[in-house]
Amino acid sequence: MMAALPSPSIWEIVSQAKIYLPTLNEDRISRAYDFAERAHSGQKRFSGEPYIIHPLNVAHLLLDFHPDEDTLVAALLHDVVEDTPHTLDEIEILFGKEVRNLCWGMEKLNKVRSKLNDQHVENLRKLFLAMAKDFRVVLLKLCDRLHNMKTLSFVRPDKQRRIAEETLNIYSPIAARLGIYRLKGDLEDLCFYYLEPAKYKNIQDQLVKTEKWRAQYIESAQKTLATILAAEGMRAKIDGRVKSIYSIYRKLRKKNKNFVQDIFDVFAMRIILPDIYKHEKEYTGHLYTALGIIHNHFTPLANRFKDYVAVPKVNSYRSLHTTVMGLGSKLYTQPTEIQIKTEGMHHAAEFGIAAHWIYEGMAKADFAVPFEEDEDTVSPSSPFLKQHQEWISGLHQIEQKISNNKEFLENLQIDMFQDRIFVLTPRGDVKDLPASATPIDFAYSVHTEIGNRCVGAKVNGNMVPLDHELKNGEVVEIITRKNARPSQQWLSFAKTNHARDRIRTWFRNLDVKKHLLEGKSLLNAKLAQLGKPLLDDRLSLLKTYGGGNLSMQEREDLLIEIGKGGIFPGAVVKNLFTREELLMSREEARIDRPARTIKQQKISKEPLLEIGNQENVAYQFVKCCNPEFVDGLVGYVTRGRGVSVHKEICSVLKNMEKTRLIPVRVLKENVLRTDGRTSGTTYSVSVRVEANDRVGLIRDISNAIAKNTINILKIDQGPSQKSIVTVFFLLEIGTVDQLERVLSDLEKVASVRRAMKVS
Ligand code: MN
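Note that the structure is a prediction, hence the values are computed from the model and not measured. (Residues numbered from 1 in each chain as written. Predicted model: local features only at pLDDT ≥ 70, side-chain atom pairs only at ≥ 80, totals over all residues. Heavy atoms only, no water.)

A. View of the coordination of the manganese ion. The protein atoms donating to the manganese ion are His54 (NE2), His78 (NE2), Asp79 (OD) and Asp144 (OD), with metal-donor distances spanning 2.1 to 2.3 Å. In this structure Asp79 comes out as buried when scored by relative accessible area, which is 7%. (Donors = N, O, S within 2.8 Å, 3.2 Å for Na, K, Ca; no water. Buried < 20%, exposed > 50% of the residue type's maximum accessible area, 1.4 Å probe, protein only.)

The structure is reproduced here in structure tokens:
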């Protein structure tokens with residue numbers, strides 16, 4: 001397996017092909033060979049041999065399947081487009097459309113790559129079959145892979161492993177699916193050799209040791225079987241064969257054994273009977289006759305008889321299998337597996353679907369035992385010898401036959417996957433998507449970020465709109481841009497739930513992020529206004545809030561609520577700080593006169609409120625909305641506790657009886673006279689106002705403060721920079737609401753840029 005294989009010459013290939021294809025255009029084959037040799041000139045295989053030996057070997061391996069002329073040409077040219085500057089168009093001009101299509105198919109299958117541990121291997125197999133609607137391409141590809149496997153010893157070890165795994169995962173199952181057991185066995189043994197060299201060698205050594213004995217046994221069993229069948233008037237070709245090393249390995253593993261002699265089905269005897277046609281129909285009765293004769297002489301093992309003639313395997317494999325005792329007499333006491341099949345069935349098992357066209361055009365010269373015809377039996381060869389067909393017309397017949405056989409079709413054709421499509425990334429990875437999926441679905445199936453940043457798509461190298469419906473086998477390339485974002489419109493054409501879900505999530509997250517940022521900036525603005533330090537990255541300020549500890553998530557949720565407008569930042573600040581913390585300042589010490597404490601007023605001699613047209617009504621300010629003596633109040637007539645005064649906007653009112661609401665008017669003259677000091681302690685708060693200097697600025701600011709019934713204790717003009725002046729006011733303030741309101745009124749004064757408490 002390690003040595004370079006002798007390579008066939010183009011003339012050997014031509015002469016072998018002419019045996020089954022007398023019409024072969026030798027000139028065309030040799031032109032294809034010359035073209036390929038020139039195209040690959042200078043390129044080397046890993047073995048150091050010129051590259052051309054590869055296409056030559058592929059063509060040679062393909063000969064077993066009796067390819068038509070176009071397929072032979074394509075075998076010689078199959079790597080030209082991939083590995084040299086020549087194009088498919090050139091190939092079409094020189095060798096015609098069919099060859100172009102075959103080469104195109106090969107190039108596409110080259111893009112099918114499997115990842116290790118990829119669970120999508122089954123998809124890859126399906127894709128392989130789906131893309132190769134022309135079976136000739138599959139055969140070509142399998143022969144291509146077989147030659148690459150045969151020369152794998154020249155490749156780097158890590159690559160050997162990857163290629164062997166890929167072959168075992170994709171190529172040999174495809175050969176099995178197509179019933180081409182010869183190729184399947186060859187591929188599997190080669191894979192096994194590279195993947196498990198020690199185990200391979202172990203089994204091989206054991207087989208070598210028993211080779212002589214086995215040859216003796218097979219010869220003796222052959223004679224015995226021939227004798228007993230001949231005694232009943234049956235002619236048969238009998239041979240014995242050792243199973244492939246990989247299948248022996250699998251049997252050992254399945255039965256938990258280490259030694260080849262511990263399992264009895266290391267080899268099988270094969271009885272091949274002639275094809276018999278009765279009334280133009282295939283006859284299989286003689287297989288059962290032979291089976292009966294064998295069972296009459298040797299005891300069959302129970303449960304080992306399989307009738308794949310009456311019930312073929314899904315890949316169309318047909319044969320009778322039985323395992324009997326005593327066939328080897330003294331030489332071998334283990335049971336022996338016997339397969340009984342017709343020549344046609346045997347051929348079909350070797351060549352799979354290809355067997356149909358090879359076999360029907362083939363002479364039966366190699367049939368060892370002459371076959372005697374009787375009246376209603378015809379020789380299997382005679383009707384077919386006459387009609388020497390070109391391979392391709394045979395192929396069309398097969399395809400017609402197949403399309404009438406639903407089961408076979410389902411195992412073979414893409415129709416089975418009508419609701420799925422398989423498309424490729426530019427690197428050759430396969431994506432399994434629902435039919436009519438779009439580049440958007442594809443992009444999200446590759447990676448969420450690819451989807452989110454998608455701005456365009458190319459299919460087979462051409463730009464397509466994002467709602468383009470993808471088709472099987474298309475190579476899709478997604479164009480992304482760093483700052484791109486999904487569009488709501490995508491939801492109208494994305495087909496997969498995955499993509500739709502990702503798009504929706506993106507928009508949901510976008511809102512959340514936006515609200516979080518807005519909430520943060522609103523709260524920071526409020527904190528700045530009230531002279532408090534801003535939020536840090538950990539939002540530590542919100543760590544304790546509303547009497548509890550907030551997790552990071554809860555802190556962010558609070559900011560999101562602020563951003564959405566559900567909570568006012570001022571309300572949050574009032575929850576974070578006490579009134580003292582908000583109104584006291586370091587300036588306190590410099591106040592000219594101490595802040596005054598006045599008595600809380602509920603009913604004043606000088607009434608401050610008019611409630612429902614009366615001035616002397618017992619009332620109380622509620623705690624829910626912190627009302628003060630300013631406009632926008634409303635009363636609620638309680639049962640027995642006088643009138644509760646709320647702000648009109650207080651949310652508590654919503655749930656209260658509307659009929660008990662009563663209008664409240666602030667008697668401003670009286671309020672002004674009491675200096676607005678309505679309850680509790682007042683604080684001297686230093687407020688800083690920045691404004692563009694203008695005539696009358698200080699007057700307007702003073703008016704705005706006075707409107708809020710606030711005393712100005714002191715005014716200091718700070719340094720002015722360019723046209724901007726800073727003015728400090730020391731104000732006598734009773735409540736946080738009052739402070740907030742005056743600050744917001746100050747900011748409404750023309751040319752004022754900002755007004756904030758000095759901390
Ligand atoms: Mn190749």
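Further notes follow.
B. Quick peek at the sheet that holds strand S2 (residues 267-273). The mixed open sheet is built from five strands, whose spatial order is S1-S2-S7-S6-S5. Looking at the sheet topology across the chains shown, the edges are occupied by strand S1 (237-242) and strand S5 (306-307). As defined by bridge partners, strand S6 (residues 320-324) adjoins strand S7 (residues 336-342) across five bridges and the pair is classed as antiparallel. Each residue of the ladder has a partner; that of Thr322, found in S7, is Ile338. (Pairing = 2+ DSSP bridges. Helix = DSSP H or I, 4+ residues; strand = E, 2+ residues; numbered from the N terminus.)

C. A look at the packing of helix H11 (residues 181-195) against helix H12 (residues 197-209). Relative orientation of the contacting elements H11 and H12 amounts to 120°, with a least axis distance of 5 Å. Here H11 is positioned oblique relative to H12, judged by the angle of their axes. Residues Asp189, Phe192, Tyr193, Tyr194 and Leu195 of H11 form the contact with H12, whose participating residues are Pro197, Lys199, Tyr200 and Ile203. Among the residues forming the contact of H11 with H12, the class breakdown is seven nonpolar, no polar and two charged. (Axes fitted to C-alpha atoms, helices over the stretch in contact; angles between N-to-C directions. Parallel < 35°, antiparallel > 145°, perpendicular 65-115°, else oblique. Contact = heavy atoms within 4.5 Å. Nonpolar A, V, L, I, M, F, W, Y, C, P; charged D, E, K, R; others polar.)

D. Here's a closer look at H12. Along its 13 residues, H12 runs 18 Å from first to last C-alpha, staying within 8% of the 18 Å computed at 1.5 Å per residue. The set of residues buried in H12 consists of Tyr200, Ile203, Gln206 and Leu207. The buried residues of H12 occupy an angular sector of 135° when the element is viewed end-on, so they sit on one face. Residues Ala198, Val208 and Lys209 are exposed on H12 and point more than 90 degrees away from its buried face. Close packing links the buried residues of H12 with H11, helix H13 (211-231), S1 and helix H14 (245-254). (Expected span 1.5 Å × (residues − 1). Arc of directions from axis to C-beta.)

E. Fine view of unusual backbone geometry. One non-glycine residue, His66, adopts positive backbone phi at about 50°. Note on His66: relative accessible area 17%, which makes it buried. The phi dihedral of Asn460 falls on the positive side, at around 45°, and the residue is not glycine. As for its position among the elements, Asn460 is in the loop between strand S10 (454-459) and strand S11 (462-464).

F. Region of the structure containing the nonpolar core. In terms of nonpolar packing, the biggest core is built from 62 residues, with Leu72, Leu77 and Met149 touching the most fellow members. Here the element with the most residues in this core is helix H9 (residues 135-150); it accounts for eight residues. Met149 has contacts with Ile163, Ala164, Thr167, Leu187, Leu190, Cys191 and Tyr194, leaving out every residue within four places of it along the chain. By size, the runner-up hydrophobic cluster in this structure holds 40 residues, among which are Leu550, Ile701, Phe729 and Ala755. (Core = buried A, V, L, I, M, F, W, Y, C linked by side-chain atoms within 4.5 Å.)

G. Here's a closer look at the environment of Asp693. Summarising the element assignment, Asp693 is placed in the loop between strand S20 (683-692) and helix H28 (697-707). Owing to a relative accessible area of 48%, Asp693 belongs among the partly exposed residues under this scheme. With sequence-adjacent residues up to four places away left out, Asp693 is seen in contact with Ser723 and Val725.

H. Region of interest: the packing of aromatic side chains. Within the structure shown, the criterion is met by 12 aromatic pairs. Aromatic side chains Trp213 and Tyr217 sit 6.1 Å apart centroid to centroid with 10° between the ring planes, which places their arrangement in the stacked category. One end of the pair, Trp213, and the other, Tyr217, are both in helix H13, four residues apart, so they sit about a helical turn from each other. Accessibility expressed as a relative area gives 28% for Trp213, which makes it partly exposed. Relative accessible area serves as the criterion here: at 0%, Tyr217 is assigned to the buried category. Their ring planes at 70° and their centres at 5.9 Å tell us that Tyr308 and Tyr317 sit as a pair that is edge-to-face. Classification of Tyr308 as buried rests on a relative accessible area of 19%. Aromatic ring contacts, followed pair by pair, group Phe192, Tyr193, Tyr194, Tyr200, Tyr246 and Tyr249 into a single cluster. Cation over ring: Arg45 sits above Tyr51, and NZ or CZ is 5.6 Å from the ring centre. Lys532 extends its terminal NZ or CZ atom over the ring of Phe577, reaching a point 5.0 Å from the ring centre. (Phe/Tyr/Trp six-rings, centres within 6.5 Å; stacked < 30°, edge-to-face > 60°. Lys NZ or Arg CZ within 6 Å of the ring centre and 35° of its normal.)

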